[in-house]
Amino acid sequence: MSARLNTAQPYAIGLFRIVVGLLFACHGAASLFGVLGGAAGTDGGTLDAGTWPGWYAAVIQLVCGSLVLLGLGTRAAAFLASGSMAYAYFDVHQPSALWPIQNGGEASAMFCWAFLLLVFTGSGALGVDRLFAGRPAATEREPAARKATVSA
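In this text the structure is predicted, and so the values were computed from the model without any measurement.

Caption draft 1: Representation of unusual backbone geometry. Even without a glycine there, the phi angle at Leu126 is positive, about 70 degrees. In this structure, Leu126 sits in the loop between helix H5 (106-121) and helix H6 (128-133). For Leu126, a relative accessible area of 52% corresponds to the exposed category.

Caption draft 2: Spatial organisation of the nonpolar core. Counting 16 residues, the largest nonpolar core has Phe24, Val68, Ala78, Met85, Phe111, Phe115 and Leu118 as the members making the most contacts within it. When residues of this core are traced back to their parent elements, those giving at least two are helix H1 (2-33), helix H2 (54-70), helix H3 (74-93) and H5. When near neighbours in sequence (up to four residues on either side) are disregarded, Phe115 contacts Val20, Phe24, Val68, Ala78, Ala81 and Ser82.

Caption draft 3: Region of the structure containing a nonpolar patch on the surface. A cluster of nonpolar side chains, contributed by Tyr11, Leu15 and Leu126, occupies part of the molecular surface with about 310 Å² of accessible area. Structurally, Leu15 can be placed in helix H1.

Quick notes on the rules
Residues numbered from 1 in each chain as written. Predicted model: local features only at pLDDT ≥ 70, side-chain atom pairs only at ≥ 80, totals over all residues. Heavy atoms only, no water. Helix = DSSP H or I, 4+ residues; strand = E, 2+ residues; numbered from the N terminus. Buried < 20%, exposed > 50% of the residue type's maximum accessible area, 1.4 Å probe, protein only. Core = buried A, V, L, I, M, F, W, Y, C linked by side-chain atoms within 4.5 Å. Contact = heavy atoms within 4.5 Å. Patch = residues over 30% accessible without salt bridge, like charges linked within 9 Å, V, L, I, M, F, W, Y side chains within 5 Å. Areas by Shrake-Rupley, 256 points an atom, 1.4 Å probe, with all protein chains shown as cover. Salt bridge = Lys/Arg side-chain N within 4 Å of Asp/Glu carboxyl O.

Read these as spatial facts, not as claims about activity.
Okay, structure coming up:
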């Protein structure tokens, strides 16, 4: 059973990346363009351009979320997104209460850790960066690495 799950791992990571990126990009689009219900606390409106930190956070959400969704520069985009969510949690949410359930920071905390995971796992399968790099999937590289280790 573990062997089958291990072969599916790049695809599971790829699907995880796609869902997390889509959800994050939706937050940015809502805040910048007023779609999907608009920015939080604006009754369907948008954030004023250049306002700190909300507008900049929305730009990071839209851009990094889209890059992660596509699997293009995933590690760098996920690193920036994770940092922005850590900032959001500690600067915006945590001063009102310690625990995310008390301060409304559950989404910030979850996005922060989800993106940090993607920094270490990479894009998985189905990412655009694999097309540009011409790299084979992780499951295709393993046998070659094993052959090199065995023959050495």
